[in-house]
Protein chains: 2
Amino acid sequence: MAAKPCIPKGTRDFSPAEMAKRNYIFETIRSVYHLYGFRQIETPAMEMLSTLMGKYGEEGDKLLFKIQNSGDYFSGLTDEELLSRNASRLACKFCEKGLRYDLTVPFARYVVMHRDELTFPFKRYQIQPVWRADRPQKGRYREFYQCDADVVGSDSLLNEVELMQIVDTVFSRFGIRVCIKINNRKILTGMAEIIGEADKIVDITVAIDKLDKIGLENVNAELRDKGIAEEAIAKLQPIILLSGSNVEKLATLRQVLADSPTGLKGVEETEFILSTLSDLGLKNEVELDLTLARGLNYYTGAIFEVKALDVQIGSITGGGRYDNLTGVFGMAGVSGVGISFGADRIFDVLNQLDLYPKEAVNGTQLLFINFGEREAAFSMQVLAGVRKAGIRAELYPDCCKMKKQMGYANANGIPYVALVGENEMNEGKVTLKNMDTGEQRLVTPEELASALKK
Amino acid sequence: MAAKPCIPKGTRDFSPAEMAKRNYIFETIRSVYHLYGFRQIETPAMEMLSTLMGKYGEEGDKLLFKIQNSGDYFSGLTDEELLSRNASRLACKFCEKGLRYDLTVPFARYVVMHRDELTFPFKRYQIQPVWRADRPQKGRYREFYQCDADVVGSDSLLNEVELMQIVDTVFSRFGIRVCIKINNRKILTGMAEIIGEADKIVDITVAIDKLDKIGLENVNAELRDKGIAEEAIAKLQPIILLSGSNVEKLATLRQVLADSPTGLKGVEETEFILSTLSDLGLKNEVELDLTLARGLNYYTGAIFEVKALDVQIGSITGGGRYDNLTGVFGMAGVSGVGISFGADRIFDVLNQLDLYPKEAVNGTQLLFINFGEREAAFSMQVLAGVRKAGIRAELYPDCCKMKKQMGYANANGIPYVALVGENEMNEGKVTLKNMDTGEQRLVTPEELASALKK
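Residues numbered from 1 in each chain as written. Chains lettered and ligands numbered in written order. Predicted model: local features only at pLDDT ≥ 70, side-chain atom pairs only at ≥ 80, totals over all residues. Heavy atoms only, no water.

Asks: Help me out: how do you make sense of the interface of chain B and chain A in this one?
Replies: Note on interface size: it is often stated as the accessible area lost on association of the parts. Counting residues at the interface gives 103 residues for chain B, matched by 104 residues for chain A. Taken together, both faces of the contact between chain B and chain A bury some 9,000 Å²; the carbon and sulfur share is 59%. At the boundary of chain B and chain A, one finds eight salt bridges. Between Arg109 of chain A and Asp13 of chain B there is a salt bridge; the shortest N-O distance is 2.6 Å. Across the chain B-chain A interface, the total number found is 42 residue pairs in polar contact (both at pLDDT 80 or more). When the residues that make up the side of chain B that touches chain A are grouped by side-chain class, the tally is 56 nonpolar, 25 polar and 22 charged. (Contact = heavy atoms within 4.5 Å. Buried area = accessible area lost by both parts, 1.4 Å probe. Salt bridge = Lys/Arg side-chain N within 4 Å of Asp/Glu carboxyl O. Polar contact = N/O pair within 3.5 Å; in protein donor to acceptor, adjacent residues only side chain to side chain. Nonpolar A, V, L, I, M, F, W, Y, C, P; charged D, E, K, R; others polar.)

Have a look at this one:
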């Protein structure tokens, strides 16, 4: 009965102070999504296991939280099946629902189920928690929010451009300096084609990524170790040493990939995206980075990722273009492009750089001290007016020691207190105290709101 | 593979149009909670079953969604236990986590776990989904949002007063005319005391509630049927016939309950709340209603409930004072008072009365028609400025038939389109078309934003 309660490992409670910061993050992302015409949807936390299973690989299936069927979930099971104690097979008998693992599969399911109501291109965003039975560790949780935006039903590269504008605007609003890295799956495919080693593309990008740390000789040695032929390594040299501006990199790639139509298409797409962005004048740098290969099997065109410049942390946003969102649900031809902001990492970056705007994380602005029943009644009248002016204000509900009431103001970071005693009531005024400076002054109820709005 | 996907029964997808309305509801409630100094928390969707079980009665335990343990959930189970097929007992072996059933128990758990970080009184609000394995039916879902606010750690009746102000403000902002009904558990206890039938209090309130429909004689007959003595029925007559203003009702109750100290305390509390509210001048009527007895066993003081005046629907908000939030987790003495807005019903009421403000549910305000690559590039430049001015605007990403693009504007309720062709580009202007009136005019990019802001 009285055992100390706890919460499931890998999950979190969010305090008022944390919630204010998280809401600032979500609201910033939301408002930029809105500016670009994205519209919000929500899907249920629970999906049918038939929707979720097989979409995240064998490992992913194991990481799904499964929900036990209500009622008699043993029905139809033989003694042999039960005694087999085959946990994963029986889980599918005991459970038909699971918690969503990401927002992409539910979105695909949504598009298929609602295809007749939707007008394409469909620009949706979704900000909801997802659940994964991962082993909890620092910075990795079993419940966390994703903030996804996708455009489906349009092949135009202008969608890629707008998503990069969104990324640029969001991080500018946060005040986080970032580098937006961009690559293209077709360029990677082209590289594999010209060296005749399509299956080694991951080994190649991993090796290239180490150039700064280990030097050209060692990169080439690693490629040799991975079984890549000397001739192919020779062909790769201009790509490994690729440097300079994006324009220069693209010029080099155009030569190296001259024999790969797919590769050239990737170069052309990247050129269009980068030159359009350059005309629009982003605040943050966009850099072509051939080592970027996230979720290689999923993406078919542009791939992007965002790194914070002033904090050592992994990618804080990523995305790309995919060809076939809904094929697995029997609806072909839905291609799209999307991004996903990593709210938990952005939270950490904003914390480390101390970038939260004061007004975004402030709660109550004014606390009325409670000196007794009559004073409280007077204060309630003043409060009504102050709140009408949009000021967040409270009256301490109990008439207790001043010290306790002031302690409440301090603990909750309330910057002003209002003192209403006999004298104030006689004059129809309020003593306003600035908790930072200690300064006190007598103001009318009307002046109170304007004093706080400053 | 290609089976048509579906979602678990009793759950819902929310379309962009529905989300805009729901966000309007949540944002209105949130902003009023903020004005009154309530601070948001969030708790995990999953709680330990040890936290949830036994808190909602035997029936409630069955309605919990239980989450199967990861890994080998059979370990430690004998063959006999397995073959017993005792679904509910084995559920507790297979599962240690469940989805939250309401926001009150997680809040109690939160207060206990974080007691050392909290400053009391603690005014928290929480807007999150809850899950119940109820049989789905019209208006009842297996996943739905609750919007709770509670003050714990203060016995002051000013908290009750403020919660009623919050209710009044929220429904005024919605434009929904409501009656706020108020009662007090102590008055009900007093009634039971004076008639010597403490266990019949529910029968009594149910019978009294029928007075308008069936008349006094039939109410008394029903009370007799329920086994209430003639003497007690006689004593109840002034209460059954209770009418007039709140002040008149309270005067009657004071006489009838003269021999019950608890009852008189309830009258006094109600008097304080009503007279304080009357001084503050609410927009909606507050009515003392003795038939109000929601969750009788839980509440210990004031009880409230809100009914919409212009729509036939059950209670759309409710709440009350309770004595012992956290006792079940071994922390005594935490009393509080709270309210909960019924978002799904409010959604229905706003729909039926067509009360959603246009600006709250509007998405994109302006669509640029795509006439080709050069025109699109020009439009992107204009768009950047328009968005900087805070206008939600899009460019149709593909250069396809005008009819299709206009269809997109119509389907998404976009009120303005911008047409940029050869002529407009030469003049550095944009043709702005009002989709409602069909009116078109040529404007500069600067004029565009101000034309739309009007």
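Structure's up, so let's keep going.
Asks: I tried to follow the confidence of the model for chain A on my own but got confused; where do I start?
Replies: A low pLDDT score tells you not to read the predicted coordinates there in detail. Mean pLDDT over chain A works out to 93, with 98% of the residues at or above the 70 mark. Across the predicted assembly, pTM comes out at 0.94 and ipTM at 0.94. (pLDDT = per-residue confidence, 0-100.)

Asks: Before we go on, may I ask you to explain helix α9 (residues 201-209) of chain A in this structure?
Replies: Note: α-helices contain 3.6 residues per turn, so residues at a spacing of three or four share the same orientation. Residues and elements named next belong to chain A. Every buried residue of α9 is accounted for by Ile201, Ile204, Thr205, Ala207 and Ile208. Down the axis of α9, the smallest arc covering the buried residues is 165°, so these residues share one side. Against the buried residues of α9 lie α8 (185-195), α10 (211-225) and α11 (230-240). (Buried < 20%, exposed > 50% of the residue type's maximum accessible area, 1.4 Å probe, protein only. Helix = DSSP H or I, 4+ residues; strand = E, 2+ residues; numbered from the N terminus. Arc of directions from axis to C-beta.)

Asks: It is not clear to me how the relation of the copies chain B and chain A should be interpreted in this structure. Could you clarify?
Replies: Put simply, the second copy of the chain is the first one after a rotation about an axis and a shift along it. When chain B is fitted to chain A, the residual RMSD is 0.1 Å, and the transformation amounts to a turn of 180° plus an axial shift of 0.0 Å. Interpreted geometrically, this transformation is the action of a two-fold axis. Ranked by how close their C-alpha atoms come to the rotation axis, the residues of chain B are headed by Ile67 of chain B, at 2.3 Å. Residue by residue, 100% of the interface of chain B is reproduced at the interface of chain A, so both copies engage with the same surface. (Least-squares fit on C-alpha atoms with pLDDT ≥ 70 in both.)

Asks: Looking at this structure, I do not really get the packing of helix α7 (residues 158-174) of chain A against helix α16 (residues 373-388) of chain B. What am I missing?
Replies: If you want to describe how two helices pack, look at the angle between their axes and the distance between the axes. Relative to each other, α7 of chain A and α16 of chain B sit at 25°, their axes nearing to 13 Å. The angle between the axes of α7 of chain A and α16 of chain B places the two elements in the roughly parallel class. The handedness of the crossing between α7 of chain A and α16 of chain B is right-handed. Residue-level inspection shows Leu158, Val161, Glu162 and Gln165 of chain A of α7 of chain A in contact with α16 of chain B, the latter providing Ala376, Met380, Leu383 and Arg387 of chain B. Along the lines of polarity and charge, the residues of the contact of α7 of chain A with α16 of chain B split into five nonpolar, one polar and two charged. (Axes fitted to C-alpha atoms, helices over the stretch in contact; angles between N-to-C directions. Parallel < 35°, antiparallel > 145°, perpendicular 65-115°, else oblique. Left-handed = near helix turned anticlockwise from the far one by under 90°.)

Asks: Help me out: how do you make sense of the sheet that holds strand β15 (residues 430-434) of chain A in this one?
Replies: The strands that make up a sheet are held in pairs by hydrogen bonds between backbone atoms, and each pair lies either parallel or antiparallel. All names here are of chain A. Sheet architecture is open: five strands sit in the order β13-β12-β14-β15-β16, paired in mixed fashion. Since the sheet does not close on itself, it has two edges, and those belong to β13 (393-395) and β16 (440-443), each with one partner. Ignoring strand direction, the axes of neighbouring strands in this sheet form an average angle of 25°. Lying on the sheet, helix α16 (residues 373-388) is in contact with β12 (366-368), β13 and β15; it crosses β13 at an angle near 170°. (Pairing = 2+ DSSP bridges.)

Asks: Looking at this structure, how should I read the side chain of Ser156 of chain A?
Replies: Mapped onto the fold, Ser156 of chain A is located in the loop between β6 (143-152) and α7. Residue contacts for Ser156 of chain A: discarding those within four places in its chain leaves Arg321 of chain A together with Pro397 and Asp398 of chain B.

Asks: Could you clarify how one ought to interpret the nonpolar core in this entry?
Replies: Where a protein is soluble and globular, its nonpolar side chains tend to be buried together. Residues Phe368 of chain A together with Ile166, Phe171, Phe174, Met191 and Phe341 of chain B are the most contacted members of the largest nonpolar core, which totals 102 residues. With nine residues, the single largest contributor to this core is helix α7 (residues 158-174) of chain B. Non-local contacts of Phe174 of chain B, meaning those with residues more than four positions away in its chain, are made with Tyr24, Ile25, Thr28, Ile29, Ile346, Leu350 and Leu355 of chain B. Membership of the second largest hydrophobic core comes to 98 residues, among which are Phe171, Val256, Ile339 and Ala343 of chain A. (Core = buried A, V, L, I, M, F, W, Y, C linked by side-chain atoms within 4.5 Å.)

Asks: Please clarify how the packing of α9 of chain A against α10 of chain A should be interpreted in this entry.
Replies: Orientation of α9 of chain A relative to α10 of chain A, taken along the N-to-C sense of each, is 145°, at an axis distance of 7 Å. On the side of α9 of chain A, the interface is formed by Asp203, Ile204, Val206, Ala207, Ile208 and Asp209 of chain A, while α10 of chain A contributes Leu211, Val219, Glu222 and Leu223 of chain A.

Asks: Even after reading the chapter, I still don't get the pattern of salt bridges, so can you show me in this structure?
Replies: When the charged atoms of two side chains with opposite charge come close together, those side chains can pair. Taken as a whole and judged by the stated rule, the model has 46 salt bridges over all chains. The closest approach of N and O atoms between Glu27 of chain B and Arg30 of chain B, which form a salt bridge, is 3.1 Å. With Glu27 of chain B and Arg30 of chain B both in helix α1 (residues 16-35), this residue pair falls three residues apart, about one helical turn. Through salt bridges with shared partners, one network takes in Lys123 and Glu162 of chain A together with Arg387 and Glu394 of chain B.

Asks: Looking at this structure, how should I read the packing of aromatic side chains?
Replies: Given two aromatic rings, one states the distance between the centres and the angle between the planes to describe the pair. The final tally for this structure, using the stated rule, is 41 aromatic pairs over all chains. Seen from their ring centres, Tyr33 of chain B and Tyr125 of chain B are 5.2 Å apart, and the 40° between their planes marks the pair as tilted. Pair noted here: Tyr33 of chain B is in helix α1 and Tyr125 of chain B is in strand β5 (residues 122-131), with a separation of 92 residues, a long-range link. Ring-pair connections join several aromatic residues into one group, and the members of that group are Tyr24, Tyr33, Phe38, Tyr125, Phe171, Phe174, Phe341, Phe347 and Tyr356 of chain A. (Phe/Tyr/Trp six-rings, centres within 6.5 Å; stacked < 30°, edge-to-face > 60°.)

Asks: Just to check I follow, could you spell out the state of the cysteines for this structure?
Replies: By definition, a disulfide links the sulfur atoms of two cysteines through a covalent bond. Residue and element names in this part refer to chain A. The final tally for this structure, using the stated rule, is zero disulfides over all chains. Its sulfur unpaired, Cys92 is 7.8 Å from the next cysteine sulfur, which belongs to Cys95. Residue Cys92 is classed as partly exposed on the basis of its relative accessible area, which comes to 43%. (Disulfide = S-S within 2.5 Å.)

Asks: Mind showing me how you'd approach α7 of chain B here?
Replies: Here α7 of chain B spans 24 Å end to end across 17 residues, near enough to the 24 Å set by a 1.5 Å rise per residue. Across the 17 residues of α7 of chain B, 15 count as buried, placing the element largely inside the fold. (Expected span 1.5 Å × (residues − 1).)

Asks: So what exactly am I meant to see when it comes to unusual backbone geometry here?
Replies: Most peptide bonds adopt trans geometry, and most residues besides glycine take a negative phi value. Residue and element names in this part refer to chain A. Here the residue pair Phe120 and Pro121 is connected by a cis peptide bond, since its omega of 0° sits within 30 degrees of zero. Assignment of secondary structure puts Pro121 in the loop between α6 (104-113) and β5 (122-131). The backbone of Asp354 sits at a positive phi, close to 55°, despite the residue not being glycine. Along the polypeptide, Asp354 turns up in the loop between α14 (343-353) and α15 (358-361). Owing to a relative accessible area of 64%, Asp354 belongs among the exposed residues under this scheme.

Asks: What exactly am I supposed to notice about the side chain of Glu42 of chain A here?
Replies: Positionally, Glu42 of chain A belongs in the loop between β1 (39-40) and β2 (46-48). It is Arg22 of chain B that comes nearest to the buried, bridge-free Glu42 of chain A among opposite-charge side chains, at 5.2 Å. At 3.3 Å, the side chain of Glu42 of chain A forms a polar contact with the side chain of Tyr145 of chain B. If we skip the residues at most four places from it in the chain, Glu42 of chain A touches Gln126 and Gln128 of chain A together with Arg12, Asp13, Phe14, Met19 and Tyr145 of chain B. (Lys, Arg positive; Asp, Glu negative; His and termini not counted.)

Asks: What is the right way to read the sheet that holds strand β11 (residues 336-341) of chain A from this model?
Replies: All names here are of chain A. Reading across the sheet, the eight strands line up as β1-β5-β6-β11-β10-β9-β7-β8 and stay open at both edges, with mixed pairing between neighbours. Two strands close off the open sheet at either side, each with one partner strand: β1 and β8 (285-288). Sheet analysis places strand β7 (residues 178-184) next to β8, joined by four bridges and oriented parallel. Bridging from a neighbouring strand, Lys181 pairs with Glu287 of β8. Each of β7, β8 and β9 (302-308) touches helix α13 (residues 261-280); the most contacted strand, β7, lies at about 150° to it.

Asks: Help me understand the pairing of strand β6 (residues 143-152) of chain B, please; the structure alone is not making it clear to me.
Replies: One face of the sheet, then the other: side chains in a regular strand alternate in exactly this way. All names here are of chain B. Taking burial as the measure, the 10 residues of β6 include 10 buried ones, the bulk of the element. Burial of the side chains of β6 extends over both faces: Glu143, Tyr145, Cys147, Ala149 and Val151 are buried on one face and Phe144, Gln146, Asp148, Asp150 and Val152 on the other. By the bridge criterion, 10 bridges tie β5 to β6 in an arrangement that is antiparallel. Directly across from Tyr125, in β6, lies its bridge partner Ala149. Here β6 pairs with strand β11 (residues 336-341) via six bridges, running antiparallel. Bridging across to β11, Cys147 finds its partner in Phe341.

Asks: Help me out: how do you make sense of the environment of Thr169 of chain A in this one?
Replies: As for its position among the elements, Thr169 of chain A is in helix α7. The spatial distance from the C-alpha of Thr169 of chain A to the C-alpha of Lys283 of chain A is 7.9 Å, given a sequence separation of 114 residues.

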